Protein chains: 2
Amino acid sequence: MVFYGYFRSSAAYRCRIAFNLKGISPENRYVHLRKNGGEQKMPTFTALNPQGLVPALEIDGAVLTQSLAIIEWLEETQGGPALLPSDPLERAEVRAFAQVIACDTHPLQNLRVLDYLKGPLGHNQAQADDWCREWIGRGLSACEALLERRNEETPFCFGETPGLADICLVPQMFSAARFGVDLTAMPRLRAVERACNALYAFADAHPSRQPDTEA
Amino acid sequence: MVFYGYFRSSAAYRCRIAFNLKGISPENRYVHLRKNGGEQKMPTFTALNPQGLVPALEIDGAVLTQSLAIIEWLEETQGGPALLPSDPLERAEVRAFAQVIACDTHPLQNLRVLDYLKGPLGHNQAQADDWCREWIGRGLSACEALLERRNEETPFCFGETPGLADICLVPQMFSAARFGVDLTAMPRLRAVERACNALYAFADAHPSRQPDTEA
């Protein structure tokens, strides 16, 4: 198993957490999103993932892409603790929470989107940062509300052990802090983040602890 | 089962196709995204979905949100034809294709994003349309490449019967046509779209055939 990632990619960060929770150590290759005009756009990488985005996971000649698809594949094929509940209604709840982040929040603050805002649309860095804060704020507010309406309080988003929702939340909270999003109205998300980062699986996957980390 | 949708929402359109393929007819309620300042933002709707986005599916007091989570729930609980292959590697391939659209393409051309481009960022309609064409073009090009590298040609994206990938593709192709995206370099996607739209399940779910349709 060969994993192609980048230390600061939220989607790669999710996969790193999932590998750790499952106790899997793929061989790592690093794709630098800002060097050489973006290594993710080079033919050597687009041959693996025509979308030109990290992460990608090579297995027996096949290449898996898209972090949520990779994590569902891990869940279906690898042992280790379950990342989704067994009840279908609860699975749907966890997946919806994950998708608020993976579909409606993170893709809006992706590098290529910020490049388009600053290039063709002529915005400055401050406006690009406002844009990120806007979408991260809206996405995380929705996540806080999803936890608030649950009947029970648990250390992790949807239970006593971390799963797919937590895997998506923690990288998004990291990027919220980077952009200075105000998280005071999100006590539940902050508590979950603290609980997660106290675990080796999450701490070890942090962008600051990767071999390709930069200041 | 009560389904909250809007005729032109890509995510609601996906669910309508999935209901039809599974032979399920939920009770329909319509949330007008452009009337009354956006009915999706009203407290009656945000009580169901705090994210303030369609679709939502009410079942036995629980509310499911996010189209892909709803469709996976249908797949796990309802009979009818399978929307995902049984082999885990193939499931991952189908989910990744679906997520190229549902994560990296569609959320960028959502109403709320266009409102932000035209409001706070001061762009005109032509610039907002260019923005949509940019992201739809990139997303669908990646989808075409994902089909191109398969070893076999099939009438639907990943097989002889339609599934999750086709469910996500057809609404995105509809919105590509609306925005005038050039699809000449995507013969595989166009052939799949034709095959899908020849089926009742897809034709009946088309935005032009809904009770809340407008010109």
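Residues numbered from 1 in each chain as written. Chains lettered and ligands numbered in written order. Predicted model: local features only at pLDDT ≥ 70, side-chain atom pairs only at ≥ 80, totals over all residues. Heavy atoms only, no water.

(A) Main features of the overall build of chain A. For chain A, the count of helices and strands is nine helices and four strands. Helices and strands appear in chain A in the N-to-C order β-α-β-α-β-β-α-α-α-α-α-α-α. A compact globule built from 215 residues should have a C-alpha radius of gyration of about 17 Å, and chain A, at 17 Å, falls within 12% of that. For chain A, the spread of C-alpha atoms along the principal axes amounts to about 50 × 45 × 30 Å. When the 215 residues of chain A are sorted by exposure, 60% land in the buried category. Look at the contacts in chain A between residues 6 or more apart in sequence, and 67% of them connect residues 24 or more apart. (Helix = DSSP H or I, 4+ residues; strand = E, 2+ residues; numbered from the N terminus. Rg over C-alpha atoms; globule rule 2.2 N^0.38 Å. Buried < 20%, exposed > 50% of the residue type's maximum accessible area, 1.4 Å probe, protein only. Contact = heavy atoms within 4.5 Å.)

(B) The arrangement of the domain arrangement of chain A in detail. Residue and element names in this part refer to chain A. Here chain A is described as being made up of domain 1 (2–81) and domain 2 (88–202). Taken over C-alpha atoms, the centre of domain 1 sits 20 Å from the centre of domain 2. Facing 16 residues of domain 1, the contacting portion of domain 2 comprises 19 residues. Around 1,700 Å² of area is buried between domain 1 and domain 2 when both sides are counted, 67% of it from carbon and sulfur atoms. (Domains from an automatic or database assignment. Buried area = accessible area lost by both parts, 1.4 Å probe.)

(C) Structural detail: the relation of the copies chain A and chain B. Mapping chain A onto chain B leaves a residual RMSD of 0.0 Å; the transformation is a rotation of 180° accompanied by 0.0 Å of translation along its axis. Expressed as an axis order, the relation between the two copies is that of a two-fold axis. If distances are taken from each C-alpha of chain A to the rotation axis, the shortest is found for A:Cys103, at 1.9 Å. Most of the interface of chain A is mirrored in chain B: 100% of its interface residues are interface residues there too. (Least-squares fit on C-alpha atoms with pLDDT ≥ 70 in both.)

(D) Summary view of the sheet that holds strand 3 (residues 56–59) of chain B. All names here are of chain B. Read across the sheet, four strands follow the order 2-1-3-4 without closing on themselves; strand pairing throughout is mixed. Every other strand in the sheet has two partners, leaving strand 2 (27–30) and strand 4 (62–65) as the edge strands with one partner each. Recorded for the sheet is a direction-independent mean angle of 20° between the axes of neighbouring strands. By the bridge criterion, four bridges tie strand 1 (residues 2–5) to strand 2 in an arrangement that is parallel. Bridge pairing links Gly-5 to Tyr-30 in strand 2. Strand contacts of helix 1 (residues 10–22): strand 1 and strand 3, with the helix running at about 145° to strand 1, the strand carrying the most contacts. (Pairing = 2+ DSSP bridges. Axes fitted to C-alpha atoms, helices over the stretch in contact; angles between N-to-C directions.)

(E) Representation of the environment of A:Arg194. Tracing the backbone shows A:Arg194 in helix 8 (residues 187–197). Sequence-wise, A:Arg194 and A:Pro155 are 39 residues apart; in three dimensions their C-alpha atoms are separated by 9.3 Å.

(F) Local environment of helix 6 (residues 125–148) of chain A. Across its 24 residues, helix 6 of chain A extends 34 Å between first and last C-alpha, which sits within 8% of the 34 Å expected from 1.5 Å per residue. Here helix 6 of chain A starts with a cap whose side-chain oxygen sits 3.2 Å from the backbone nitrogen of A:Ala126, and that cap is A:Asn124. (Expected span 1.5 Å × (residues − 1). Polar contact = N/O pair within 3.5 Å; in protein donor to acceptor, adjacent residues only side chain to side chain.)

(G) Expanded view of the UniProt feature "domain: GST N-terminal" (unreviewed entry) in chain A. What UniProt calls "domain: GST N-terminal" (unreviewed entry) maps, in this numbering, to residues 1–82 of chain A. Counted over residues 1–82 of chain A, helix gives 34% and strand 20%. Its end C-alpha atoms are 20 Å apart. (UniProt positions renumbered as here; feature names shortened; annotations may be inferred.)

(H) Structural view of helix 4 (residues 88–102) of chain A. All names here are of chain A. The terminal C-alpha atoms of helix 4, which comprises 15 residues, lie 20 Å apart, in line with the 21 Å expected from a rise of 1.5 Å per residue. Counting buried positions along helix 4 yields 11 of 15 residues, so the element is predominantly enclosed. If you check which residues of helix 4 are buried, you get Arg-91, Ala-92, Val-94, Arg-95, Ala-96, Phe-97, Ala-98, Gln-99, Val-100, Ile-101 and Ala-102.

(I) The arrangement of the interface of chain A and chain B in detail. Contact residues are listed per partner, giving 46 residues for chain A and 46 residues for chain B. Of the roughly 4,200 Å² buried between chain A and chain B on both sides combined, carbon and sulfur atoms contribute 64%. When the buried surface of chain A facing chain B is broken down by residue, A:Asp104, A:Arg112 and A:Tyr116 rank first, second and third, together holding 14% of it. At the boundary of chain A and chain B, one finds six salt bridges. Residues B:Glu76 and A:Arg91 are paired through a salt bridge, measuring 2.9 Å at the closest nitrogen-oxygen approach. Counting the contacts that link chain A with chain B gives 15 residue pairs in polar contact (both at pLDDT 80 or more). When contributions to the side of chain A that touches chain B are tallied by element, the ones reaching two or more residues are strand 4 (62–65), helix 3 (67–77), helix 4, helix 5 (111–118) and helix 6 of chain A. Of the residues assigned to the side of chain A that touches chain B, the class counts are 29 nonpolar, seven polar and 10 charged. (Salt bridge = Lys/Arg side-chain N within 4 Å of Asp/Glu carboxyl O. Nonpolar A, V, L, I, M, F, W, Y, C, P; charged D, E, K, R; others polar.)

(J) The arrangement of empty space enclosed by the protein in detail. Following the criterion strictly, the structure yields two cavities of 30 Å³ or more and no others. Quantified by volume, the largest cavity comes out at close to 90 Å³. Every residue along the wall of the largest cavity is listed here: A:Leu68, A:Glu72, A:Arg95, A:Gln99, A:Leu164, B:Leu68, B:Glu72, B:Arg95, B:Gln99 and B:Leu164. Here the residues of the lining of the largest cavity are counted per class, giving four nonpolar, two polar and four charged. (1 Å grid on protein atoms, 1.4 Å probe; cavity = no way out; pocket = protein on both sides within 12 Å on 5 of 7 lines; lining within 4 Å. Points joined across faces, edges and corners; volume = space filled by probe spheres on them.)

(K) Up close: the sheet that holds strand 3 (residues 56–59) of chain A. Residue and element names in this part refer to chain A. Read from one edge of the open sheet, four strands run 2-1-3-4, paired in mixed fashion. If you trace the sheet from one side to the other, it starts and ends with strand 2 (27–30) and strand 4, each paired once. Here the average twist between neighbouring strands, direction ignored, is 20°.

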